[in-house]
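# Structure assessment
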Amino acid sequence: MYEKIQHLLRELENLTAKNLQEAEELRIKWIGKKGCITALFDEFKTIAADRKRDLGQPLNALKNAAQEKLLSLRTALTQEAAPVADDYTQPGEPHPFGARHPISTVRAEIIEIFARTGYTLAEGPEIEDDWHVFSALNFPPEHPARDMQDTFFVRQGNNPVLLRTHTSSVQVRVMESQPPPIRVICPGRVFRNEAVSARAHCIFHQVEGLYIDENVSFADLKQAVLYFAREMFGHATKIRLRPSYFPFTEPSAEVDVSCNICGGKGCAICKHTGWLEIMGCGMVDPNVLATCRIDPEKYTGFAFGMGVERIAMLKWQVRDLRLYFENDVRFLAQFAATV
Ligand code: DAH
């Protein structure tokens with residue numbers, strides 16, 4: 001009998017079951033009423049009392065080992081079978097919410113604000129020619145903005161091909177292809193040969209605006225800019241226009257908004273001035289209209305251009321521009337609630 005117990009112990013170690021039914025059959029075979037261990041216990045009753053002492057302990061050990069083993073076969077199989085593929089009553093796996101990139105969110109908001117006052121969308125190519133980026137926009141031939149310092153040239157020569165340095169090139173394409181009245185908003189990526197830092201990047205986004213019709217005045221420009229500033233930064237926002245220079249507008253101005261962080265009192269973000277610069281603008285230079293075959297005697301217009309990253313930085317007080325390009329999810333996830 002001792003031999004039998006040892007043999008069964010070894011057999012037990014190697015027991016396997018492919019499915020729950022097999023595990024149940026093994027349980028009956030081993031520890032069921034008519035199983036082999038029950039039979040051993042029956043046999044045990046019949047043996048002489050002096051041998052019982054030596055056999056009782058190993059027999060009980062076999063029984064415990066068998067119970068443990070058969071239970072573990074069963075639990076392993078139930079755990080494997082747990083996620084039943086087509087059990088539609090199971091609770092779903094939670095999906096983490098994604099977030100729109102903050103630059104996309106702000107660009108969409110800018111477009112939406114202007115769309116409310118009748119601006120439609122226009123787009124142009126990122127790889128441009130000198131005509132659309134500079135010449136048609138009244139840049140004198142020797143103007144420093146054509147210099148290698150700012151512009152990435154794809155091909156140089158008599159007809160250089162370059163990466164646009166501003167979205168003002170789209171103004172030209174629109175004016176060349178449609179008659180006034182024109183009211184467009186042109187978002188897009190621009191490229192400049194700048195060292196990457198917290199305040200500058202070689203790739204960024206701009207939104208350009210252009211409005212051309214009869215009797216468009218500087219007062220209309222100011223109102224359009226004020227409307228935008230209030231919609232974007234809040235209704236208490238004030239604007240201020242400072243004289244500036246762009247080859248394609250005359251007169252030209254730089255637009256500041258009252259600092260939305262300190263409310264105009266002065267803080268580190270606005271460098272204690274109370275004002276934050278948000279865009280350039282001006283009345284379209286008559287030379288530009290004429291170059292694009294629009295009669296400057298009949299029509300006037302205004303244009304403006306702003307950096308999307310700059311607006312986003314001011315809106316959310318982000319101090320390092322590079323965060324927008326690194327796509328670190330710890331940064332991006334913070335904007336999930338802004339969509
Ligand atoms: N193109 C200018 C820049 O990249 C921004 C700009 C200024 C656009 C004045 C305009 C404008 O349309 O009128 O800095």
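Note on numbering: residues in each chain are counted from 1, in written sequence order. For this predicted model, a pLDDT threshold of at least 70 governs which residues receive local features, and a threshold of 80 or more governs which side-chain atom pairs are given and counted, while totals over whole chains, interfaces and linings are taken from all residues. With hydrogens and water set aside, each side-chain value is computed from the structure's full complement of heavy atoms.

Let us look at the pairing of strand β7 (residues 239-246). As paired strands, β7 and strand β8 (residues 249-258) are joined by seven bridges and run antiparallel to one another. Residue pairing in the sheet places R242 in a bridge with E254 of β8. Any two strands are treated as partners once DSSP identifies two or more bridges connecting them. Working definition: helices are DSSP H or I runs of at least four residues, strands are E runs of at least two. Numbering for both runs from the N terminus. Once β7 ends, the chain turns through two residues before running back antiparallel as β8.

Let's shift gears to the sheet that holds strand β10 (residues 300-307). In spatial order, the strands read β1-β5-β6-β10-β9-β8-β7; together these seven strands make up an open sheet with mixed pairing. The strands lining the two open edges of the sheet, one partner per strand, are β1 (120-121) and β7. Taken together, the two bridges between β1 and strand β5 (residues 182-191) define a ladder with parallel strand orientation. Directly across from L121, in β5, lies its bridge partner I185.

An automatic or database domain assignment provides the domain bounds reported here. Partitioning the chain into structural domains gives domain 1 (2-81) and domain 2 (102-338). The gap between the C-alpha centroids of domain 1 and domain 2 is 82 Å.

Moving on to the site of the ligand. Proximity is defined per residue: any heavy atom of the residue falling within 4 Å of a molecule or strand makes that residue near it. With respect to spatial proximity, 15 residues lie near the ligand, and among them H166, S168, R192, Q206 and E208 are the closest. One of the side-chain N or O atoms of S168 is found 3.0 Å from a nitrogen atom in the ligand. Q206 places a polar side-chain atom, nitrogen or oxygen, 3.0 Å from an oxygen atom of the ligand. Protein coverage of the free-state accessible area of the ligand, which is 360 Å², stands at 89%. For the shell around the ligand, the secondary-structure elements that each account for two or more residues are α7 (168-177), β6 (203-213), β9 (275-284) and β10. Under the scheme applied, nonpolar residues are Ala, Val, Leu, Ile, Met, Phe, Trp, Tyr, Cys and Pro; charged residues are Asp, Glu, Lys and Arg; polar residues are all the others, including Gly. Looking at side-chain class alone, the shell around the ligand contains five nonpolar, eight polar and two charged residues. N or O atoms within 3.5 Å of each other form a polar contact, as long as, within protein, one can give a hydrogen and the other can take it, and as long as residues adjacent in sequence are counted only when both atoms are side-chain atoms. Per-residue and other accessible areas were derived by the Shrake-Rupley procedure at a 1.4 Å probe size, with only the shown protein chains allowed to occlude residues.

This part is about unusual backbone geometry. Of note, the bond from P180 into P181 is cis; its omega dihedral lies within 30 degrees of zero at 5°. Following the sequence through the fold, P181 ends up in the loop between α7 and β5. A cis amide bond, omega -5°, links E250 with the succeeding residue P251. Counting through the fold element by element, P251 comes out in strand β8. A positive phi angle is found at N138, which is not glycine, with a value near 70°. Here N138 lies in the loop between α6 (130-133) and β3 (153-155). The backbone of H272 sits at a positive phi, close to 60°, despite the residue not being glycine. Following the sequence through the fold, H272 ends up in the loop between β8 and β9. For each residue, the accessible area found with a 1.4 Å probe, counting protein chains only, is set against the maximum for its type, and the residue is called buried under 20%, exposed over 50%, and partly exposed in between. Overall, H272 belongs to the exposed group, its relative accessible area being 62%.

In this section: the environment of F134. Here F134 lies in the loop between α6 and β3. When its relative accessible area of 1% is taken as the criterion, F134 is described as buried. Distance from F134 to N159, taken between C-alpha atoms, is 12 Å for residues 25 residues apart in sequence. Among residues more than four places away in sequence, those in contact with F134 are F139, A145, R146, T151, L162 and T165. Working rule for contacts: check all heavy atoms of both residues, and any pair within 4.5 Å makes them a contact.

Okay, the sheet that holds β3 next. A sheet is described by the order of its strands in space; here three strands give the open sequence β2-β4-β3, paired in antiparallel fashion. This sheet does not close on itself; its edge strands, each paired only once, are β2 (127-129) and β3. The average angle at which neighbouring strand axes cross in this sheet is 40°, direction not considered. Two strands pair when backbone bridges link them, and β2 and strand β4 (residues 161-163) are joined in this way by three bridges, in the antiparallel orientation. The residue bridging D129 from the neighbouring strand is V161, located in β4. Note on geometry: axes are lines fitted to C-alpha atoms, helical ones only across the stretch in contact, with angles between N-to-C directions running from 0 to 180 degrees.

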